[in-house]
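Here's the letter readout for the chains.
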Amino acid sequence: MENNEKKQVHLNVPQLLYWLVQARISICLWGRATGKTEGPGAMFTMNNMNTMPRSMGGILSSSYDKLLTMIVPGLVQGWEKFGYLENLHYFIRKMPPAGFFKDKPFREPKKSEHYIPWWNGSGAVIMSIDRPSTSVGINLDWMYADEARLFKEQSFNDALLTVRGNHAHFGHLSQHGSILITTDLPKDSRGKWLYRYLDEVDQETINLVIALQQKIAELTRDYDSLTKRKKALIDKEIAKMNAYCNEMRKELVNVSFASTLDNIHALGIDVIKRFRRMLSELDFQVSVLSKRLEQVEHGFYIGFNEDRNTYIPEESDWSYVDNLEIDFRKDQPKKDWRWDGDLVTDQPLDIALDYNRAISCMVIGQETIREDYIRNFMYVEEPLMLKDLIANFCEYYKGYPTKVVNYYYDHTALLGRNASSDIRHAEEVKYILAENDWTVVDHYIGQAPSHRSRYYLLNKLLKGDDPRLPVVKFHLNNTEDLVSSMNNTGTRRGTDGIAKDKRPEDDPNVKPIDAPHPTEALDQLLYGKHFRKLSGDSTFIETF
């Protein structure tokens with residue numbers, strides 16, 4: 001069953017350096033299309049399972065849907081590149097036929113729906129932060145975490161507590177207890193904790209490991225043509241060097257940065273040009289060139305706090321996702337509301353929109369007594385239009401049990417898309433929703449409120465320190481672009497005091513999704529739902 005066939009595998013420079021170093025803790029902060037999952041992710045998981053037979057590791061994501069639609073398919077692609085095939089060398093979310101594999105892990109999971117058994121008795125649990133039950137009661141020998149910029153630091157630390165097993169069997173190996181983190185660079189405050197690992201990097205030891213690996217490569221260059229005696233001497237020397245590397249790697253931390261340009265020979269210049277053309281300056285700098293982004297100093301949403309204002313859905317009924325039959329080598333199923341795990345399905349959905357020629361945005365929420373949850377965020381950019389956004393909403397929430405929306409809008413929704421339009425935005429929204437059997441409850445809030453009044457109200461909602469108001473919480477996995485826009489929206493001095501800095505909306509180098517556009521839909525929703533609760537507040541009244 002073991003794959004002993006020699007294969008030539010192309011690695012780009014960052015992938016090769018990762019493989020040479022193999023620190024016990026490796027953090028790859030790499031740009032788009034650098035081969036994070038099918039490169040380091042596949043090599044790390046494959047090598048650990050092969051090196052430690054009957055061991056068990058974990059593959060961690062912020063959400064289970066990302067595991068099924070992005071991460072596992074990427075690993076499958078990488079494993080196949082190295083000659084390991086599904087339903088031969090491993091199975092996904094199911095156990096192999098009886099007797100197909102000779103060995104099992106020292107502690108095999110009781111259920112298979114979150115498990116990948118490997119040919120030599122090893123295995124990997126697929127686990128996500130939004131489904132803590134996937135990691136209950138397990139003892140892992142290693143962990144691979146992908147897209148970690150979306151993790152809260154405490155959530156990741158809680159998941160790491162599962163890396164605690166089989167020290168008696170594998171404690172002498174640097175692979176035991178190893179951790180690999182791969183991700184794009186953080187776009188907002190959520191992932192800034194990753195940079196703390198830079199303080200633990202020992203570059204001198206890393207250089208020594210690389211030098212020893214280069215020496216091993218030199219010794220094996222003409223290995224097949226050597227005499228038996230010469231091979232024995234070289235084998236002894238290589239074993240000694242590998243032992244040195246193993247000991248150095250046990251305490252080693254490595255943080256590597258890579259941009260998409262590091263993989264240009266594989267991607268081709270046309271892909272880079274397409275990224276440059278399609279992406280905003282901000283997204284290109286962060287996601288392609290891997291440049292660190294700092295949050296604006298004087299933010300309009302100064303009350304936003306990652307720990308207080310973001311959440312991962314609590315355990316829910318995941319039977320729909322668990323029962324999906326997925327071929328990980330083909331196109332993945334399209335996500336819909338049944339994947340979210342946080343909706344109160346006997347309650348309506350609250351929506352508000354921003355209407356713009358370049359981009360149309362929608363914020364979807366639901367309110368409880370003490371929390372106002374922002375469940376989802378959707379948008380379309382030119383050439384798609386408002387009608388396409390509403391169609392996307394209807395498709396995503398098709399089959400939702402309570403087909404009622406509370407639609408919040410101000411006077412801007414009573415304007416047409418352009419000067420010659422004969423249909424108002426609000427009319428178009430309501431018409432398409434009604435065509436799709438949604439009942440629309442009107443909540444017209446009148447003239448768009450001043451920036452001062454929005455600043456006052458929204459930051460009270462974010463801080464959650466006013467008993468008259470709920471605290472706002474954002475679904476961590478569904479609102480990434482909205483939260484990023486909030487964190488990068490600044491303030492400036494307006495005619496009546498503080499104002500939202502909307503100048504990026506007119507900057508051709510700023511893609512609409514990275515400008516303040518998404519926050520306008522958020523403002524309408526939250527202001528429309530809560531401004532009356534402060535009607536007796538003299539400070540608030542003065543902001544009109």
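Here the structure is shown first, and the text comes after it.
Residues numbered from 1 in each chain as written. Predicted model: local features only at pLDDT ≥ 70, side-chain atom pairs only at ≥ 80, totals over all residues. Heavy atoms only, no water.

A. Layout of helix α6 (residues 203–219). A rise of 1.5 Å per residue sets the reference length of α6, with its 17 residues, at 24 Å; its end C-alpha atoms lie 24 Å apart and thus fit the reference within 8%. Looking only at α6, the buried set comprises T205, I206, V209, I210, L212, Q213 and I216. Considered in projection along α6, the buried side chains sweep an arc of 160° and stay on one side of the axis. Buried positions along α6 lie against α1 (13–21), α7 (228–249) and β7 (253–258). (Helix = DSSP H or I, 4+ residues; strand = E, 2+ residues; numbered from the N terminus. Expected span 1.5 Å × (residues − 1). Buried < 20%, exposed > 50% of the residue type's maximum accessible area, 1.4 Å probe, protein only. Arc of directions from axis to C-beta. Contact = heavy atoms within 4.5 Å.)

B. Here's a closer look at empty space enclosed by the protein. Overall, the coordinates contain three cavities of 30 Å³ or more when judged by the stated rule. There is about 80 Å³ of room inside the largest cavity. Sort the elements by how many residues they give to the lining of the largest cavity and helix α2 (residues 37–51) lands first, with three residues. Of the residues belonging to the lining of the largest cavity, the class tally is three nonpolar, six polar and no charged. By volume, the second largest cavity is sized at about 40 Å³. What lines the second largest cavity is Y64, D65, D130, R131, W318, V321 and W339. For the lining of the second largest cavity, the class distribution of residues is four nonpolar, no polar and three charged. (1 Å grid on protein atoms, 1.4 Å probe; cavity = no way out; pocket = protein on both sides within 12 Å on 5 of 7 lines; lining within 4 Å. Points joined across faces, edges and corners; volume = space filled by probe spheres on them. Nonpolar A, V, L, I, M, F, W, Y, C, P; charged D, E, K, R; others polar.)

C. Broad picture of the sheet that holds strand β9 (residues 349–354). Across the sheet, which stays open at both edges, the seven strands sit in the order β8-β14-β11-β10-β9-β12-β13 with mixed pairing between neighbours. Each edge of the open sheet carries a strand with a single partner, namely β8 (310–311) and β13 (439–444). Against the sheet, helix α14 (residues 425–435) makes contact with β9, β12 (404–409) and β13, and its axis sits at roughly 175° relative to β12, the strand it touches most. Against the sheet, helix α16 (residues 480–487) makes contact with β10 (359–367), β11 (371–381) and β14 (471–475), and its axis sits at roughly 95° relative to β11, the strand it touches most. (Pairing = 2+ DSSP bridges. Axes fitted to C-alpha atoms, helices over the stretch in contact; angles between N-to-C directions.)

D. Local environment of unusual backbone geometry. Of note, the bond from E382 into P383 is cis; its omega dihedral lies within 30 degrees of zero at 10°. With phi around 55°, E147 is a residue other than glycine that occupies positive phi space. Along the chain, E147 turns up in the loop between β5 (142–146) and α4 (153–160). Of the residues examined, E147 reaches a relative accessible area of 12% and is grouped as buried. In this structure, N166 takes a positive phi of about 55° despite not being glycine. Examined against the element boundaries, N166 turns out to sit in the loop between α4 and α5 (167–170).

E. Looking closely at the packing of α16 against helix α17 (residues 517–530). Here α16 crosses α17 at 100°, and the two axes come no closer than 8 Å. As summarised for this structure, α16 and α17 are arranged roughly perpendicular, according to the angle between their axes. Between α16 and α17, the residues in contact are L482, S485 and M486 and P518, T519 and L522, respectively. Classifying every residue of the contact of α16 with α17 by side-chain character gives four nonpolar, two polar and no charged. (Parallel < 35°, antiparallel > 145°, perpendicular 65-115°, else oblique.)

F. Summary view of the pattern of salt bridges. In total, this model carries 27 salt bridges according to the counting rule given. The closest approach of N and O atoms between E520 and K500, which form a salt bridge, is 2.8 Å. Taken as a pair, E520 in helix α17 and K500 in strand β16 (residues 497–500) lie far apart in primary sequence, 20 residues in all. Grouping residues by exposure puts E520 and K500 together as buried. (Salt bridge = Lys/Arg side-chain N within 4 Å of Asp/Glu carboxyl O.)

G. Spotlight on the packing of aromatic side chains. Counted under the stated rule, the structure contains 25 aromatic pairs. Aromatic side chains W79 and W118 sit 5.2 Å apart centroid to centroid with 65° between the ring planes, which places their arrangement in the edge-to-face category. Of this pair, W79 sits in helix α3 (residues 64–81) while W118 sits in the loop between β3 (115–117) and β4 (123–128), placing them 39 residues apart in sequence. Between F300 and Y455 the ring centres are 5.4 Å apart and the planes differ by 65°, which places this aromatic pair in the edge-to-face class. Residue F300 is found in the loop between α10 (281–288) and α11 (306–309), and its partner Y455 is found in helix α15 (residues 451–463); the two are separated by 155 residues along the sequence. On the accessibility criterion, F300 (0% relative accessible area) is buried. Residue Y455 is classed as partly exposed on the basis of its relative accessible area, which comes to 24%. (Phe/Tyr/Trp six-rings, centres within 6.5 Å; stacked < 30°, edge-to-face > 60°.)

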